[in-house]
Amino acid sequence: MTPPRNSNAVRDIANVLHPYTDHRAHAVNGPLVISRGEGVRVFDDQGKEYIEAMAGLWCASLGFDNKRLVDAAYRQMQKLPFYHGFTAKSHEPMIDLAEMLIERAPVPMSKVFFANSGSEANDTAVKMIWYANNAMGRPDKKKIIGRLKGYHGITIASGSITGLPANHKMFDLPVSDRFIHVSTPHHYHGANPGESEEDFATRLAEELDQVIQREGPETVAAFFAEPAMGAGGVIVPPATYFEKVQAVLKKHDVLFVADEVICGFGRTGSYWGSQTFGITPDILVCAKALSASFLPISAVMVNDRVFQALADGSATIGTWGHGFTYSGHPVPAAVAVETLKIYDEMDIVGHAKRVGGHMQKTLRARFADHPLVGEIRGIGLVAAMELVADKATHRNFDPGAKVGPRLAKLAEGEGVIMRAMVNDSMGFSPPLIITEAEVDEMIARVGRALDALT
Ligand code: PLP
């Protein structure tokens, strides 16, 4: 059906340059225009209802209509709609939020820096590390290690750490200079025949050790990792992986940056993914669920060793020349403070663990034997269902067949918004407030879509 000439779809095609979109296909197919939200559901401009199985972009943790967050924003806008933190200015929402994050950090952290997005926060972490190593008198220690399929954002530095092809191809990022990638810790595709999770983890830690030795430990500054990979296809690390990786990093004095942009605030069934997987980060980056995504804000927490180096450097230069106009903006900061209070009151961790357990179990019970489903993986309230051409060999479909995107489209028809990621891995990362009954409804709708996929 051709949309009317003045429809949202037509105006969108005429004017919007969309993030993460095949622009030529979009000009033909047009957008799905979402007009309002209610709990875990959103409604399009034609009134059709969808369960948001991805919480938008893994982010709308409290759903799409939380009145307390709206009120917190309104109150703060009336009181002080803007102030900044440059040259030692401050304001209460920023102070409150920093204090709450330090109290909730998985390991002792010294200070919190605020930015507006996960990408900015990861870029900030890179610049902090380079600055700190200069201040510590080791100017050659600058290389950053990420992992293939890791996702850390799309700005120049964060995009260079990201290990997904679409974020690199034709963008000319400086990947080969200071940025290095090691293997994805995905047992289903990466393990040798008969290799246990533990042996696979040992092999990956050895690879990391060899890469650091090859580059020269005096040149390698930091390792960035999502506790469980998100956009790369929800990849839960094999048993003992982070324990072994951290031993290698410690040996070479390489900092660990935990990118908790998806895993933070209960998603994996602990407050932090670092706690779920026994990670002791030097720097922790968070965003998304920090403010339930009602307003943009991200944070970088640093331990005292890193902070002291930054402070030493700034004392010699007179200023630490980094910060954004909207770093710690009072309105998103006030919303984030309210978000963290809600998490405490509703016991977000207990809820995510309980309902997440139900989601993991039900996904497996419903889909594991399906001929098109190769692997169902996940932890807490994050999961992926990978579609394969051959269940026995784990062979994926040709990306040109667009099997995952076709399933996402069918699911949309059934009233579920889900996302097809690399290797036709279908993501589930619903709002953390989802109930067991809503999980069942979501899975039933996806089941109807999968049955219709030919
Ligand atoms: N890090 C992780 C783990 C993410 O999942 C994302 C976004 O999905 C980012 C960083 C980048 O965040 P943003 O899109 O806010 O720049």
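Bear in mind that the values here come from a model prediction, so they are computed numbers and not experimental data.

This brings us to the overall build of the protein chain. Broken down by element type, the protein chain carries 17 helices and 15 strands. The C-alpha radius of gyration of the protein chain comes to 22 Å, within 12% of the 22 Å expected for a compact globule of 454 residues. Looking at the 454 residues of the protein chain, the share that counts as buried comes to 49%. Excluding contacts between residues fewer than 6 apart, the proportion of contacts in the protein chain whose partners are at least 24 apart in sequence is 72%.

What follows covers helix H6 (residues 118–135). Over its 18 residues, H6 extends 25 Å from the first C-alpha to the last, a length consistent with the 26 Å expected when each residue adds 1.5 Å. The element H6 is extensively covered by neighbouring structure, given that 14 of its 18 residues are classed as buried. Of the residues trailing H6, Gly 137 is marked for its positive phi of about 75°.

This part covers unusual backbone geometry. Even without glycine at this site, Thr 87 takes up a positive phi of about 45°. Mapping Thr 87 onto the fold places it in the loop between helix H4 (67–79) and helix H5 (92–104). Of note, the phi angle at Phe 265 is positive, near 70°, even though the residue is not glycine. Mapped onto the elements of the fold, Phe 265 is located in the loop between strand S8 (255–259) and helix H12 (273–276).

Looking now at the environment of Pro 108. Checked against the element boundaries, Pro 108 lands in the loop between H5 and strand S4 (111–115). With 42 residues separating them in the primary sequence, Pro 108 and Asn 66 have C-alpha atoms 31 Å apart.

The biggest cluster of nonpolar side chains holds 136 residues, and the ones touching the most others in it are Val 257, Ile 283, Ala 299, Val 300 and Met 418. Among the domains, domain 1 (32–65 + 347–452) and domain 2 (81–346) are the pair contributing at least three residues each to this core.

Before going further, it helps to spend a moment on the packing of H6 against helix H13 (residues 304–317). Packed helices, taken two at a time, are described by their axes: the angle between them and the distance between them. Two elements in contact, H6 and H13, have axes separated by 8 Å at closest approach and are oriented at 70°. Classified by the interaxial angle, the pair formed by H6 and H13 is roughly perpendicular. Note that H6 runs across H13; the crossing there is left-handed. The residues of H13 that touch H6, namely those facing Met 128, Tyr 131, Ala 132, Asn 134 and Ala 135, are Val 306, Ala 309, Leu 310, Asp 312 and Gly 313. For the contact of H6 with H13, the residue count by class is seven nonpolar, two polar and one charged.

What follows concerns the confidence of the model for the protein chain. A residue-level look at the protein chain finds 99% of positions with pLDDT of 70 or above and a mean pLDDT of 97. Across the interface, the model reports ipTM at 0.99; the global pTM reads 0.98.

All right, on to the site of the ligand then. The environment of the ligand is formed by 15 residues, the closest being Ser 117, Gly 118, Ser 119, Gly 153 and Val 261. Counted by class, the shell around the ligand contains six nonpolar, seven polar and two charged residues.

Reading across from one edge, S1-S2-S3-S13 is the order of the four strands in this open sheet, with mixed pairing throughout. The outermost strands of the open sheet, each flanked by one partner alone, are strand S1 (34–38) and strand S13 (416–417). As defined by bridge partners, strand S2 (residues 41–44) adjoins strand S3 (residues 49–52) across three bridges and the pair is classed as antiparallel. The partner of Phe 43 across the bridge, within S3, is Glu 49. Contacts from helix H17 (residues 436–452) reach S3 and S13 within the one sheet, and its direction differs from that of S3 by about 110°.

Glancing now at the packing of helix H10 (residues 197–215) against helix H11 (residues 241–251). Where H10 meets H11, the closest approach of the two axes is 9 Å, and the angle between their N-to-C directions is 20°. With respect to each other, H10 and H11 are oriented roughly parallel. Between H10 and H11 lies a crossing whose hand is right-handed. Residue-level contacts link Ala 201, Thr 202, Leu 204, Ala 205, Leu 208, Asp 209 and Ile 212 of H10 to Tyr 241, Lys 244, Val 245 and Val 248 of H11. Class assignment for the residues of the contact of H10 with H11 results in eight nonpolar, one polar and two charged.

The mixed open sheet is built from seven strands, whose spatial order is S4-S10-S9-S8-S7-S5-S6. Looking at strand neighbours, the two that pair on one side only are S4 and strand S6 (179–182), the edges of this open sheet. Put simply, the sheet's adjacent strands are angled 20° from each other on average, direction ignored. Sheet topology places S4 next to strand S10 (residues 298–302); five bridges connect them, and they run antiparallel. Residue pairing in the sheet places Ala 115 in a bridge with Ser 298 of S10. Sheet strands in contact with H6 are S4, strand S5 (143–147), strand S7 (220–225), S8, strand S9 (283–286) and S10, and its direction is about 25° off that of S10. Running at roughly 155° to S6, H10 makes contact with S5, S6 and S7 of the sheet.

On to the pairing of strand S15 (residues 425–428). Of the two faces of S15, the one lined by Ser 425 and Gly 427 and the one lined by Met 426 and Phe 428 are each fully buried. As paired elements, strand S12 (residues 382–387) and S15 share four bridges and run antiparallel to each other. Note that in S15 the partner of Met 385 across the bridge is Met 426. Pairing geometry for strand S14 (residues 419–421) and S15, over three bridges, is antiparallel. Of the residues in S15, the one forming a bridge with Arg 419 is Gly 427.

Annotation of the protein chain at the domain level lists domain 1 (32–65 + 347–452) and domain 2 (81–346). In this structure, domain 1 and domain 2 have C-alpha centres spaced 26 Å apart. Counting residues at the interface gives 30 residues for domain 1, matched by 28 residues for domain 2. Those elements that provide at least two residues to the side of domain 1 that touches domain 2 are helix H3 (55–58), helix H15 (348–367), strand S11 (373–379), S12 and S15. For the side of domain 1 that touches domain 2, the element with the most residues is H15, which contributes six residues. For the side of domain 1 that touches domain 2, the per-class residue count stands at 15 nonpolar, ten polar and five charged.

What counts, and at which threshold
- Within every chain, residues take consecutive numbers counted from 1 along the sequence as written.
- The model is predicted, so local features are restricted to residues of pLDDT at least 70 and side-chain atom pairs to those at 80 or more, both for listing and for counting; the totals for chains, interfaces and linings are taken over all residues.
- Strands are runs of DSSP state E lasting at least two residues, helices are runs of H or I lasting at least four, and both sets are numbered from the N terminus onward.
- The size measure is the radius of gyration over C-alpha atoms, and the globule rule it meets is 2.2 Å times the number of residues to the 0.38 power.
- Note on burial: count the other C-beta atoms lying within 10 Å of the residue's C-beta; 20 or more is buried, 12 or fewer is exposed, in between is partly exposed, and C-beta positions come from the backbone.
- Residue pairs are scored as contacts if the distance between their C-beta atoms, which are placed from the backbone, is within 7 Å.
- Expected helix span is taken as 1.5 Å per residue step, with the number of steps being one fewer than the number of residues.
- Each nonpolar core reported here comprises buried Ala, Val, Leu, Ile, Met, Phe, Trp, Tyr and Cys residues connected via C-beta atoms within 7 Å.
- In this document the domain limits rely on a domain assignment from an automatic tool or a database.
- Lines fitted to C-alpha atoms define the axes here, with helix axes fitted over just the stretch in contact, and angles between the N-to-C directions of these axes take values from 0 to 180 degrees.
- If an angle is under 35 degrees, it is roughly parallel; if it is over 145, roughly antiparallel; if it lies from 65 to 115, roughly perpendicular; otherwise it is oblique.
- Handedness of a crossing is defined here by the sense of rotation of the near helix relative to the far one, left-handed for an anticlockwise turn of less than a right angle and right-handed for a clockwise turn.
- Any residue outside Ala, Val, Leu, Ile, Met, Phe, Trp, Tyr, Cys, Pro, Asp, Glu, Lys and Arg is labelled polar, Gly included; the first ten of those are nonpolar and the last four are charged.
- Across the chain, each position has a pLDDT score giving the predictor's confidence in that residue, from 0 to 100.
- The criterion for a residue being near a molecule or strand is a backbone-placed C-beta atom within 6 Å of that molecule or strand.
- Only strands joined by at least two bridges in the DSSP assignment are considered to pair.

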